[in-house]
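One-letter residues, chain by chain:
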Amino acid sequence: MYMTRQFVWFVVLGIFIITINLIQADEHNHVYEDNEEVVVWMNTVGPHRNRQETYSYYSLPFCHGSKDTINHHHETLSEALQGIELQSSGLDVEFKVSVPKTEICAIKLNEETTRAFIYAVKNAYSYQMYIDNLPIIGAVGGKDSDDEGNGESQYYIWTHKKFDIGYRGNQIVDVNLTIDENKAKLIPNTNVKFTYEVNWKKSDVKFEDRFDKYLDPNFFQHRIHWFSIFNSFMMVIFLVGLVSMILMRTLRKDYARYSKDEEMDDIERDLGDEYGWKQIHGDVFRPASHPMVFSALIGAGYQVTVVVLSVIIFAILGELYTERGSMLSTAIFMYAATSPVNGYTGGGLYARMGGRVWIKQMILSAFMLPVMVCGTAFFINFIAIYYHASRAIPFGSMVAVACICIFVILPLTLVGTILGRNLAGTPDAPCRVNAVPRPIPEKKWFMEPLVIILLGGILPFGSIFIEMYFIFTSFWAYKIYYVYGFMLLVFIILMIVTVCVTIVCTYFLLNAEDYRWQWTSFLAAASTASYVYVYSFYYFFFKTKMNGLFQTAFYFGYMALFSLALGIMCGTVGYIGTNAFVRKIYSTVKID
Ligand SMILES: *[C@@H]1O[C@H](CO)[C@@H](O)[C@H](O)[C@H]1NC(C)=O
């Protein structure tokens, strides 16, 4: 009895270890022994112009190789979310064993499969595969232009795949795929034979450098890119100089007048020409309208800022682009891990503004962004399911995301909120708030908050729009983005420009004796994102050839999310800077 139980445990443990080893096949350490199996993974196939509209490779009537191997599908959450769907090709490839031209499998075309292939060829479908994490792209087929055959019969598919694999030591460092040796016309009731061939060659490429051939330095390190950074940098110097000059001068004059005030007697002061920002010291620290939404936005903004900054730094340190989905995994992990930041800042601000329904505020703060992201994804998922696209998010992944939100993000936000309310929740404004709000005087149209908000985003947008071109180009999978140093610089420049611009805007607003600066500073900075969204329309129509319902919905849905997150981030940074500024100038005001 005892022995059998031990035996059962032993078997369970053994299966467990074998499973782990199977999942952790050798592509994970990228080291192979001679004759060891190298798995050729088929990923997706899809139209060349719509990079996000991808389908499982075997959704086209391709056939499998004879070899039975493990199937991978979605290994990690981020792969599933990105529509990566690896399936073993069944090709028999072994490390350092060259294979002459060998048949993979054969199919007989019927009406339906011919139509499917012709559709794919007409839409310039290409497929993507992986060997040892190295991406390989090949076209499905083409069209004979010289052959004036009867209509459809001019279309053909490539049937031969020749792999040239470069190795160095016991690692794979280079893979080339040649496809244009054999083709088969797409005519019903013909047999099509698929073949492959593997040549192993010694290569001088270092393992660390094996992704270099996928990068495009001519594109990313183009003069335009350097020039734009330089340009934005000059803008920063100019703006910082301008802000400090104007403000120091004005403030000094104001301070001088106020200190002179003290020497005047009361009557003189009452008749004096007091105007401008000092007038509203009794209202300027009045809590913003809609304090719950406001503090939730600020909390989420702190969180997004920290996540973006840390992901950029991780990307600089870790070359995240070399592992499938690691960028998204890092972002999800960082988002969950920084939830206390959200709770602390948002909850603290809400308490300082005198808010009482803090649980509601916390839930709003914690779930605002996740709900918007999931809502968009859910909507796009419907279209993806309709299209049978591989981007359709599997049910298991949805559950996983929901679990992360409920069991990780919510409790961490709760901890942050409680800490924030207790440690940073006491009102600490330098001026008392009057019981009765002061009426806001009439002013020129260009001093209206709405106008200030719209103008506020122009300069920050100007400092990033060239970088946006590079980010969009990589985000929509035309190039691999790898110059994260640039991105960090642009991020810092954007933050500085945003803070400077919102401080200037707020100063004008306060001088017009309008004390609604909290929302104005947030929205003036956040309006940068609306310019980015408008720019994304330009990018869509003039820089890409995307078409079709799925790709269009995907593009505009995720661009809206991107802009929204950018807006919340910029808005928060603008508010933080302005808040420091406002507290500074009013802390010197003597209250009678
Ligand atoms: C792949 O192609 C490149 C460019 O043609 C060549 O330099 C490299 O040697 C090839 N690699 C292998 C393993 O054949």
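Residues numbered from 1 in each chain as written. Predicted model: local features only at pLDDT ≥ 70, side-chain atom pairs only at ≥ 80, totals over all residues. Heavy atoms only, no water.

A. A look at unusual backbone geometry. Phi at Asn35 is positive, roughly 65 degrees, even though this residue is not glycine. Secondary-structure assignment places Asn35 in the loop between helix H1 (2-23) and strand E1 (40-47). (Helix = DSSP H or I, 4+ residues; strand = E, 2+ residues; numbered from the N terminus.)

B. Broad picture of the pattern of salt bridges. Per the counting criterion, the structure on display carries 13 salt bridges. A salt bridge links Lys183 to Asp144, with the shortest nitrogen-to-oxygen separation between them at 3.3 Å. Taken together, the residues Lys183 in strand E11 (residues 183-185) and Asp144 in the loop between strand E7 (141-143) and strand E8 (155-158) connect sequence positions 39 residues apart. Take Asp144: its relative accessible area is 12%, and that puts it in the buried class. Residues Lys162 and Glu181 are paired through a salt bridge, measuring 3.7 Å at the closest nitrogen-oxygen approach. With a gap of 19 residues between them, Lys162 in strand E9 (residues 160-168) and Glu181 in the loop between strand E10 (171-178) and E11 connect regions that are remote in the sequence. When salt bridges that share partners are traced, they join Lys443, Asp514 and Arg516 into one network. (Salt bridge = Lys/Arg side-chain N within 4 Å of Asp/Glu carboxyl O. Buried < 20%, exposed > 50% of the residue type's maximum accessible area, 1.4 Å probe, protein only.)

C. Expanded view of the site of the ligand. The local shell around the ligand consists of Asp164, Ile165, Gly166, Asp174, Asn176 and Lys201. In the environment of the ligand, a nitrogen atom lies 2.8 Å from a nitrogen or oxygen atom belonging to the side chain of Asp174. Lys201 is positioned with one of its side-chain polar atoms (N or O) 3.4 Å from an oxygen atom of the ligand. The fraction of the free accessible surface of the ligand (360 Å²) that becomes covered by protein chains is 45%. For the shell around the ligand, the secondary structure elements donating two or more residues are E9 and E10. It is E9 that contributes the most residues to the shell around the ligand, 3 residues altogether. Here the shell around the ligand is composed, by residue class, of 1 nonpolar, 2 polar and 3 charged. (Near = heavy atom within 4 Å. Polar contact = N/O pair within 3.5 Å; in protein donor to acceptor, adjacent residues only side chain to side chain. Areas by Shrake-Rupley, 256 points an atom, 1.4 Å probe, with all protein chains shown as cover. Nonpolar A, V, L, I, M, F, W, Y, C, P; charged D, E, K, R; others polar.)

D. Highlighting the packing of helix H12 (residues 449-456) against helix H14 (residues 484-511). Across the interface, H12 lies against H14 with an axial gap of 10 Å and an inter-helix angle of 165 degrees. In terms of orientation, H12 lies roughly antiparallel with respect to H14. When you trace H12 past H14, the crossing you get is right-handed. Residues Pro449, Ile452 and Gly456 of H12 pack against Val501, Cys505 and Leu509 of H14. A breakdown of the residues in the contact of H12 with H14 according to their chemical character gives 5 nonpolar, 1 polar and no charged. (Axes fitted to C-alpha atoms, helices over the stretch in contact; angles between N-to-C directions. Parallel < 35°, antiparallel > 145°, perpendicular 65-115°, else oblique. Left-handed = near helix turned anticlockwise from the far one by under 90°. Contact = heavy atoms within 4.5 Å.)

E. Quick look at the sheet that holds E8. Strand order in the open sheet formed by 3 strands is E7-E8-E11, and the pairing between neighbours is antiparallel. Each of the sheet's edge strands pairs with one partner strand only, and the pair in question is E7 and E11. Adjacent strand axes in the sheet meet at a mean angle of 30 degrees, parallel and antiparallel pairs treated alike. (Pairing = 2+ DSSP bridges.)

F. Focus on the pairing of E10. Across 7 bridges, the pairing between E9 and E10 is antiparallel. Pairing of Arg168 across the sheet is with Gln171, part of E10. Where E9 hands over to E10, the hairpin turn is made up of 2 residues, of which Gly169 adopts a positive phi near 65 degrees.

G. Just the packing of aromatic side chains, in detail. Counting across every chain of the model gives 58 aromatic pairs. Plain terms: the ring middles of Tyr32 and Phe95 are 5.4 Å apart, the flat faces sit at 20 degrees to each other, and that makes the pair stacked. Of the two residues, Tyr32 is situated in the loop between H1 and E1 and Phe95 in the loop between strand E3 (87-88) and strand E4 (99-108); the sequence distance between them amounts to 63 residues. For the residue pair Tyr32 and Phe95, the accessibility class agrees, reading buried in each case. With centroids separated by 4.7 Å and ring planes inclined at 35 degrees, the aromatic side chains of Trp476 and Tyr555 adopt a geometry described as tilted. Of this pair, Trp476 sits in the loop between helix H13 (458-475) and H14 while Tyr555 sits in helix H16 (residues 549-587), and the two are 79 residues apart along the sequence. (Phe/Tyr/Trp six-rings, centres within 6.5 Å; stacked < 30°, edge-to-face > 60°.)

H. Just the state of the cysteines, in detail. In the structure shown here, the tally under the stated rule is 1 disulfide. Cys63 shares a disulfide with Cys105; S-S distance 1.8 Å. Note on the Cys63 and Cys105 pair: the S-S dihedral is about 80 degrees, so by sign convention the disulfide is right-handed. With Cys63 in the loop between strand E2 (55-56) and helix H2 (77-81) and Cys105 in strand E4, the pair connects residues that are 42 residues apart, well separated along the chain. You'll find Cys63 and Cys105 in the same group, each marked buried. Here Cys374 stays free of any disulfide, with the sulfur of Cys405 as its closest cysteine sulfur at 5.3 Å. (Disulfide = S-S within 2.5 Å.)

I. The side chain of Arg210, seen in detail. Looking at the element boundaries, Arg210 is found in the loop between strand E12 (191-202) and helix H4 (217-220). Reaching out from Arg210, the side chain makes a polar contact with the side chain of Asp132 at a distance of 2.8 Å. Of note is the side chain of Arg210, whose polar atom sits 3.0 Å from the backbone oxygen of Ile172. The residues contacting Arg210, other than those within four sequence positions of it, are His30, Asp132, Asn133, Leu134, Ile172, Val173 and Val205.

J. Spatial organisation of H13. The largest bend in H13 comes to about 45 degrees, at Phe465. Every buried residue belonging to H13 is among Pro460, Phe461, Ser463, Ile464, Glu467, Met468, Phe470, Ile471, Phe472, Thr473 and Ser474, and all of these are buried. Just downstream of H13, Ala477 is the residue with a positive phi angle, here 70 degrees. (Bend = angle between axes of the 7 residues up to and from the residue.)

K. Representation of a negative patch on the surface in the model. On the surface, Glu208, Asp209, Asp212 and Glu319 cluster together to form a negatively charged patch. With respect to the helices and strands, Asp212 occurs in the loop between E12 and H4. By relative accessible area, which is 40% here, Asp212 ends up partly exposed. (Patch = residues over 30% accessible without salt bridge, like charges linked within 9 Å, V, L, I, M, F, W, Y side chains within 5 Å. Lys, Arg positive; Asp, Glu negative; His and termini not counted. Charge placed at Lys NZ, Arg CZ, Asp CG, Glu CD.)

L. Representation of the packing of H12 against helix H15 (residues 517-543) within the structure. Two numbers describe how H12 lies on H15: the axes approach to 6 Å, and their chain directions differ by 45 degrees. The orientation of H12 relative to H15 falls into the category oblique. In terms of crossing hand, the pair formed by H12 and H15 is right-handed. Counted together, Pro449, Ile452, Ile453, Leu454 and Gly456 of H12 and Thr520, Leu523, Ala524, Ser527 and Tyr531 of H15 form the full contact between these two elements. Residue composition of the contact of H12 with H15, by class: 7 nonpolar, 3 polar and no charged.

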